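# Structural overview
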Amino acid sequence: MNKQTDYPKIGIRPIIDGRLGGIRESLEETTMKMAQNVAALYEKELRYPDGSPVQCVIADTCIGGVYEASQCAKKFESNNVGVSLSVTPCWCYGSETMDMNTLLPKAIWGFNGTERPGAVYLAATLAAHNQFGLPAFGIYGRDVQDLGDETIPADVKKRLLNFAQAGLAVAIMRGKSYLAIGSVSMGIAGSIVVPDFFREYLGMRNEYVDSSEVLRRVEKKIYDESEFEKALQWVKQNCKEGDDLANESNKQSSREQKDKDWEFVVKMTLIMRDLMEGNPHLKDKGFGEEALGHNAIVSGFQGQRQWTDFLPNGDFSEAILNSSFDWNGIRAPYMVATENDCFNGISMLFGYLLTNTAQIFADVRTYWSPEAVERVTGWKPDAAAANGFIHLINSGSATLDGTGQQKKDGKPVMKPFWKINDDEADACLQATTWYPGNKGYFRGGGYSSKFVTKGGMPVTMCRINLVRGVGPVLQIAEGETIDLPQNVHDTLDKRTDITWPTTWFVPRITGKGAFTDVYNVMLHWGSNHGAISYGHVGDKLITLAAMLRIPVCMHNVDDERIFRPSAWNAFGSETEGADYRACNNYGALYK
């Protein structure tokens, strides 16, 4: 496949007092070492989606004035720098040394020391950024350090990493595509692809193919036939087929038809992947155009209803592509949105680029109050479930990583693919059953995955929504997955569709806004879908949203974790309103 190898780099700008004759000379080594230490931190801690270490580019010289700033800009441009960080231990000339590139996310680390006023440069240059309309993030350690102390304090390190992860997400998205396979699914607003949003806010293209392209490639054998045989054999060995629980006997497919459905959905999986990223093997078969793909970092498959009314559904393809393993072994997950919900696809992409882990796509289906649970099951919820919980469930498209079968220190987790071992991948497969599709939903058959997510995982659910007159807004809910007693799970699960994967989710309650209780989280959620990422990454999502000028309308992240550009402080003391005003003032990043 056509894998990306040219990931954007982090550019580091060592800024120095330009006065020669004793001042600059005394600071050269300290300033450059500060830049080198940050580069070493990034290269150690951060990874690109393919697992390789993040690469940094440092200016050839310290930057004491406009000439050296311009030379640094040229180097960054020629080296695919997508994120810009300036560092300094001293006073420097602000507007003469600042980064003026309007597209690069920017931050400044001003060293907190008394020998030289790095904090004064930080404040002066942030003021210049704000005056020029170039928002930048300010990083300043809480505790004073001695000049020459090469330690990066924990609070500074956290800010440096938060900024870089969000900045790289911005840079990696730029120039990529969202591929819509099909059109609008069942009138779902999220699957109405809005090109202006992708172009103006994300710097992305939109690509479109009709669903018939998948069928054409199946019938014309426009896929790697040897890989298909390998994949089909792997499926037979690793994907457990369940009994036909969803259909009455007169609606059940024959064994012969079920086998044909397996072959069809495996071909669909190969084809949807090839549509996203291409496949050089297709050129060898005489399909040079198809071999190139659509440069898609995320895609969506319409499926319902025009496709699924007469052909096998996309659940298997979406679930396997969204997972971190398949017949070719352990590999990076793809981002594929069910029902072509492009806004949930982008929400998945945000979580993925910030964590490098697979993302769960789910309906935000049902709020279960403690009273309703007790009435239906006889069990009074306790512990984490005491105030109720939300049933996250969709038609079998969720990543198999979401089973929670991967482990760290004995606890369930979701890992970047390079940390997953074969036993963990096998455990995810063994925890998943593939049931024949419910023909009330999927007249054309197919298979839906079924698993129950293990409790005890910290997770973050997010969602982009488009609101006329406002634009895009981001919702965030940090919380945890929970286990229910088996009989309680069975009773509640059977009230919807027992052939679909389930995640029981409890958001963290803060007592204010949408987070006064679990019910209000459900009530305030802006759409029928959510993207669920492993870990509490709400603060990183907030930073990313600020870079893209997307306001956050709902979150339960503690104030001390929120990190936005310094200009946001000038838009009022109430942080949510200030966020809206700042985003409205600056407008979409690429408009």
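Description of the structure in this document. As the structure is a prediction and not an experimental result, all values here were calculated from the model.

## Some points on the sheet that holds strand β12 (residues 336-338)
Taken in spatial order, the 4 strands of this open sheet run β7-β6-β9-β12, and their pairing is parallel. Each edge of the sheet is formed by a strand with only one pairing partner; in this case those strands are β7 (205-209) and β12. Between one strand axis and the next, the sheet turns by 20° as a mean value, whatever way the strands run. Two strands pair when backbone bridges link them, and strand β6 (residues 177-181) and strand β9 (residues 296-301) are joined in this way by 5 bridges, in the parallel orientation. Note that in β9 the partner of Leu 179 across the bridge is Ser 299.

## Side note on the packing of aromatic side chains
All told, the structure shown has 21 aromatic pairs when counted by the stated rule. Ring plane angle 75° and centroid distance 5.3 Å describe the contact between Phe 197 and Phe 198, whose orientation is recorded as edge-to-face. Ring geometry for Phe 264 against Trp 307: centres 6.2 Å apart, planes inclined by 45°, an arrangement best described as tilted. On the criterion of sequence distance, the pair formed by Phe 264 in helix α9 (residues 255-277) and Trp 307 in the loop between β9 and α11 (315-322) is long-range, its members being 43 residues apart. On the basis of relative accessible area, Trp 307 is assigned to the buried category, the value being 4%.

## Some thoughts on the pairing of β7
Here β6 runs beside β7; their pairing, made up of 5 bridges, is parallel. Considered in β7, the bridge of Tyr 178 is made with Asn 206. Handedness of the crossover is the feature at issue here: the chain leaves β6, passes through helix α6 (residues 195-202), returns alongside β7, and the resulting connection is right-handed.

## A few points about the pairing of strand β4 (residues 106-110)
Of all 5 residues that make up β4, 5 are buried, and the element is covered over most of its length. Of the two faces of β4, the one carrying Lys 106, Ile 108 and Gly 110 and the one carrying Ala 107 and Trp 109 are both buried. Pairing geometry for strand β3 (residues 81-88) and β4, over 5 bridges, is parallel. When the sheet's bridge partners are listed, Ser 84 is paired in β4 with Lys 106. The pairing of β4 with strand β5 (residues 137-139) spans 3 bridges and is parallel. Directly across from Trp 109, in β5, lies its bridge partner Ile 139. The β-α-β motif built from β4, the intervening helix α4 (residues 118-132) and the parallel element β5 has right-handed crossover chirality.

About the criteria used
Every chain's residues receive numbers from 1 upward, in the order its sequence appears when written. Restriction of local features to residues with pLDDT of at least 70 applies here, the model being predicted, together with a cutoff of 80 or more for giving and counting side-chain atom pairs; totals for whole chains, interfaces and linings are based on all residues. Only heavy atoms go into the side-chain values, all of them from the structure, while hydrogens and water stay out. The rule for pairing is simple: two strands pair if DSSP sees at least two bridges between them. Helix and strand definitions here come from DSSP, where helices need a minimum of 4 consecutive H or I residues and strands a minimum of 2 consecutive E residues; each element is numbered from the N-terminal end. Orientation is described by axes fitted as lines to C-alpha atoms, over the contacting stretch for helices, and by angles from 0 to 180 degrees between their N-to-C directions. Each Phe, Tyr or Trp ring (for Trp, its six-membered ring) is paired with any other whose centre lies within 6.5 Å, and the angle between the two planes then decides the class: stacked below 30 degrees, edge-to-face above 60, tilted in between. Relative accessibility thresholds used throughout: buried, under 20% of the residue-type maximum; exposed, over 50%; partly exposed, between the two (1.4 Å probe, protein chains only). When the strands point away from the viewer and the connection leading from the first strand across the helix to the second strand turns clockwise, the crossover is called right-handed.

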